Amino acid sequence: MNEESKIIHTYTKDILIPIIKRAKTFLEDEMNIDVFNISDITCPKNIHLKKNTVMIGTSGSIKLIITLGFDDMLLDKLVDVFIGDDDIEDANLEEVKNSVACEITNTIIGNAIDNPIDKSNIYITPPVLIYKAKTIEKNKDSKFVFVTFITKYGEIELTAVGPKEQFENELDFK
Amino acid sequence: MLNILIVDDSLAIRIKMKNYLKRLGHSIVGEAKDGREAVQMYKELTPDLITMDISMPIMNGVDSLSQIMKISQLNANVIMITANGQDGIVKDALKLGAKGFILKPVSEEKLQDSIGRIFSEYSSADCDQLDENDLDDVF
């Protein structure tokens, strides 16, 4: 491992921990939805993305793809809270639902992201919604990190995918 | 009452922004879904104020801000809206001429405060023009 990748992998958890913490505070403080439990963080060989999954990429000195997948009932609840009393035309309901999922993902990741390496900017891509459930296999050069947030309305699954050398072998997310 | 152009690729955010701004007594003259549309609509509508998302497809908010500032000879009033509050990104936008920024999630109070910093007649409290030094208090 060269010096540059040593530096990168040491800091990867410093990127992910704030995202996990922000996801919890966003749900609880902004959406009034209690998070009962956050699962242990695992590094699976493949991941199954839910049908309501939003993907955001980072660029700069940290390169990751981060996804948040929402259970249907939880997303419906998030839409209700997000929209509140605002009138939505029936024709726009599906697009609003999709854009709420994207906006929540964008806010959680955007609020949490910071560059622990050199404080240079990390840019995030516009969120992209994956409409259909999908299974992705890990290849030899990549690594998945997976964690689940559990609420009474269902789960949110967070996945981070990146080059293997960016991740520590033993992830200690305490 | 200000004539405002809302720029955001998210329909949900455009709906929220429109309702917040209407409740604050302003008029929405247009909505753009990306930075390129925003430049075109700015030329056509010359709004008093633009709320500009940063992360958008086709053309992002910073590039759009840059073009609008050239067209307006730095006279356009633009508030940047972003989830990504890293110092460098916000400072870059302020250097290009943005008059303010709001860190998502957006609220009516944040909008009122930010508008009041640019247009003193809409200020809800004593607040000065935002500049880069204010970032030290924000982050």
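From a predicted model like this one, the values you see are computed outputs, not experimental measurements. (Residues numbered from 1 in each chain as written. Chains lettered and ligands numbered in written order. Predicted model: local features only at pLDDT ≥ 70, side-chain atom pairs only at ≥ 80, totals over all residues.)

**Comments concerning the overall build of chain A**
Threshold: A run of H or I in DSSP counts as a helix once it spans at least four residues, and a run of E counts as a strand once it spans at least two, with each numbered from the N terminus. To assign burial, the other C-beta atoms lying within 10 Å of each residue's own C-beta are counted, with C-beta atoms placed from the backbone; 20 or more indicates buried, 12 or fewer indicates exposed, and intermediate counts indicate partly exposed. The contact criterion used here is simple: two residues whose C-beta atoms, placed from the backbone, lie within 7 Å are in contact.
The helix and strand inventory of chain A stands at three helices and nine strands. Across the 174 residues of chain A, 35% fall into the buried class. Residue pairs in contact within chain A that sit at least 24 positions apart in sequence constitute 72% of those at least 6 positions apart.

**A closer look at the interface of chain B and chain A**
How big an interface is tends to be reported as the loss of accessible area on association of its parts. Each side of the interface is counted separately: chain B has 20 residues, and chain A has 23 residues. When residues of the side of chain B that touches chain A are traced back to their parent elements, those giving at least two are α1 (11–23) and α4 (87–96) of chain B. With six residues, the single largest contributor to the side of chain B that touches chain A is α1 of chain B.

**Comments concerning unusual backbone geometry**
In the segment running from lysine 104 of chain B into proline 105 of chain B, the intervening peptide bond is cis, with an omega of 5 degrees. Structurally, the position occupied by proline 105 of chain B is in the loop between β5 (100–103) and α5 (108–118). In this model, asparagine 32 of chain A sits at a positive phi of 55 degrees, which is unusual for a non-glycine residue. Mapping asparagine 32 of chain A onto the fold places it in the loop between α1 (3–30) and β1 (37–38). Classification of asparagine 32 of chain A by C-beta neighbours within 10 Å gives exposed; the count is 9.

**Quick notes on the nonpolar core**
The cut-off we apply is this: Nonpolar cores are identified as sets of buried Ala, Val, Leu, Ile, Met, Phe, Trp, Tyr and Cys residues joined via C-beta atoms within 7 Å.
By size, the foremost hydrophobic cluster in this structure holds 71 residues, and its most contacted members are Leu5, Ala38, Ile50, Met52, Val78 and Met80 of chain B. Looking at this core, the element that brings in the most residues is helix α3 (residues 93–112) of chain A, giving eight residues. The residues contacting alanine 38 of chain B, other than those within four sequence positions of it, are Leu5, Val7, Ala32, Ile50, Met52 and Ser64 of chain B.

**Notes on the pairing of strand β8 (residues 142–151) of chain A**
Residues and elements named next belong to chain A. Our working definition: Pairs of strands are assigned from DSSP output, requiring at least two bridges between the strands.
Of the strand pairs in this sheet, β1 and β8 are connected by two bridges, and their pairing is antiparallel. By the bridge assignment, asparagine 37 is partnered in β8 with isoleucine 150. Here β8 pairs with strand β9 (residues 154–163) via ten bridges, running antiparallel. Across the sheet, the residue bridging to valine 147 is leucine 158, located in β9. A loop of two residues connects β8 with β9, the two strands running antiparallel in sequence.

**A closer look at α3 of chain A**
Spelled out, the test is: Expected span, for any helix, means 1.5 Å times one less than how many residues it has.
For α3 of chain A, spanning 20 residues, the distance from its first C-alpha to its last is 29 Å, which sits close to the expected 28 Å at 1.5 Å a residue. Burial within α3 of chain A is extensive, with 17 of its 20 residues counted as buried.

**A few points about the confidence of the model for chain A**
Residues and elements named next belong to chain A. Our working rule: Note: pLDDT gives the predictor's confidence per residue, expressed from 0 to 100.
Looking at chain A, pLDDT values average 82 and 84% of them are 70 or higher. Of the regions scoring below 50 in pLDDT, residues 1–8 engages in six contacts with residues more than four places distant in sequence or in other chains. Note that residues 169–174 has pLDDT below 50 and, in this model, seven contacts with residues that lie over four places away or in other chains.

**Description of the confidence of the model for chain B**
Residues at a pLDDT of 70 or more form 88% of chain B, whose mean pLDDT is 88. Here the predicted complex scores 0.85 on pTM and 0.82 on ipTM.

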